[in-house]
Amino acid sequence: MASSDPEISHSYRFFHVYKDGRVVLHFPPFEKVPPSDDPISGVRFSDVAISSEPPVSVRIFLPESINPTQKLPLVFYVHGGGFCMQSPFSTTYHNFVTTLVNEANVIAVSVDYGLFPTRPVPACYEDSWAALQWVASHSNGKGPHSWLNNHADFQRVFIGGDSAGGNISHTLAARVGSIGLPGTKVVGVVLVHPYFGGTDDDKMWLYMCPTNGGLDDPRLKPVTGDLARLGCERLLIFVAEKDHLMVVGKNYYEELKKSGWGGSVEIVENLGEEHCFHLFNLKYEKAVDLINKFVAFIKQE
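Below you will find a few notes about this structure.

Okay, the pattern of salt bridges next. This structure, assessed with the given rule, holds 16 salt bridges. For Arg22, the salt bridge is made with Asp20, and the minimal N-O distance between the two is 2.9 Å. According to the relative accessible area criterion, Asp20 is exposed, its value standing at 53%. The salt bridge partner of Lys293 is Glu266, with a shortest N-O separation of 2.9 Å.

The next subject is the sheet that holds strand 1 (residues 8-11). Spatially, 1-2-3 is the arrangement adopted by the 3 strands of the open sheet, whose pairing is antiparallel. Two strands close off the open sheet at either side, each with one partner strand: strand 1 and strand 3 (23-25). Across the sheet, the mean angle separating the axes of adjacent strands is 20 degrees when strand polarity is ignored. Two strands pair when backbone bridges link them, and strand 1 and strand 2 (residues 15-18) are joined in this way by 3 bridges, in the antiparallel orientation. Within strand 2, the position partnered with Ser11 by the bridge is His16.

The next subject is the packing of helix 2 (residues 123-136) against helix 4 (residues 164-179). Two elements in contact, helix 2 and helix 4, have axes separated by 10 Å at closest approach and are oriented at 55 degrees. Judged by the inter-axis angle, helix 2 sits oblique to helix 4. As helix 2 runs across helix 4, the sense of the crossing is right-handed. Across the interface between the two elements, Cys124, Tyr125, Glu126, Ser128, Trp129 and Leu132 of helix 2 pack against Asn167, Ile168, Thr171, Leu172, Arg175, Val176 and Ile179 of helix 4. Its residues assigned to classes, the contact of helix 2 with helix 4 comprises 8 nonpolar, 3 polar and 2 charged.

For the rest of this paragraph, the subject is the nonpolar core. By size, the foremost hydrophobic cluster in this structure holds 66 residues, and its most contacted members are Leu74, Phe76, Phe83 and Leu235. Broken down by element, this core gets its largest block of residues, 8 residues, from helix 2. Judged by nonpolar contacts, the second largest core, of 31 residues, contains Val43, Phe61, Phe158 and Phe297.

Where helix 1 (residues 91-104) contacts helix 8 (residues 285-299), the two axes come as close as 10 Å, and the packing angle between them is 50 degrees. Our classification of the angle between helix 1 and helix 8 gives oblique. Once helix 1 is placed against helix 8, the crossing between them reads as right-handed. Seen from helix 1, the contacting residues are Phe96, Thr99, Leu100, Glu103 and Ala104; seen from helix 8, they are Ile291, Phe294, Val295, Ile298 and Lys299. Taken together, the residues of the contact of helix 1 with helix 8 break down into 7 nonpolar, 1 polar and 2 charged.

Cut-off values and rules
Residues numbered from 1 in each chain as written. Predicted model: local features only at pLDDT ≥ 70, side-chain atom pairs only at ≥ 80, totals over all residues. Heavy atoms only, no water. Salt bridge = Lys/Arg side-chain N within 4 Å of Asp/Glu carboxyl O. Buried < 20%, exposed > 50% of the residue type's maximum accessible area, 1.4 Å probe, protein only. Pairing = 2+ DSSP bridges. Helix = DSSP H or I, 4+ residues; strand = E, 2+ residues; numbered from the N terminus. Axes fitted to C-alpha atoms, helices over the stretch in contact; angles between N-to-C directions. Parallel < 35°, antiparallel > 145°, perpendicular 65-115°, else oblique. Left-handed = near helix turned anticlockwise from the far one by under 90°. Contact = heavy atoms within 4.5 Å. Nonpolar A, V, L, I, M, F, W, Y, C, P; charged D, E, K, R; others polar. Core = buried A, V, L, I, M, F, W, Y, C linked by side-chain atoms within 4.5 Å.

And the structure:
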């Protein structure tokens with residue numbers, strides 16, 4: 001994308017690159033929501049650093065209604081933000097995952113992965129995989145966090161994410177299908193307005209990932225082999241009518257159906273809506289519908 005500023009060498013949807021190498025994001029930093037119990041829903045939170053080098057952490061969400069004799073499904077959530085913004089600790093994602101946990105009565109683990117430019121892609125993929133493996137290390141009841149040991153049902157694990165997080169969620173499911181995730185069963189994956197290759201944003205992703213494999217990189221353009229061995233039984237994908245990513249989301253749905261994958265896939269189109277509209281007003285009627293559909297997918301037997 002061209003820029004009128006002579007000092008800018010590249011201009012992308014989320015950032016400028018200057019001739020001296022500086023990268024300046026278009027969006028201001030987020031405010032971190034502290035992990036204090038939610039007085040309305042009763043959801044409790046715990047922040048855990050699972051690695052210091054590289055720095056990877058998670059926020060765990062525990063619903064109010066805990067029955068000591070009953071294990072709850074676990075949702076592993078991957079936030080969006082163009083691989084360069086946002087966090088589980090931002091108001092946007094803290095509130096969304098809190099709502100999901102309260103409505104679905106699940107435990108959630110939301111991963112804080114490395115962001116460009118501090119940590120270029122593929123840090124986001126590797127950090128998210130490390131966090132998912134950390135979660136799975138609790139499946140024998142002897143992991144480092146008591147909430148997961150005591151309350152999570154590792155035979156009912158779900159992976160979900162939106163936008164860039166939807167893209168990362170696909171790669172996680174592909175890796176589970178390829179090499180496994182011991183002690184766990186990933187039942188379902190939810191992709192909300194996911195990013196994949198096929199738009200002008202491809203140039204931005206290629207810039208953020210210096211080690212990229214070009215436009216056919218399987219993280220940009222999922223290959224049939226990865227789709228055919230997705231490590232889950234069910235997949236739900238949302239696309240939004242006014243989202244520039246709607247076409248690539250629909251393409252993913254069609255390619256998955258043709259891949260020979262043995263699971264069931266459903267696509268939901270959010271008519272008249274923009275990209276990730278639901279995050280900005282969780283009480284908006286169509287946002288409630290999206291969340292309800294997400295919850296029903298988790299609760300489906």
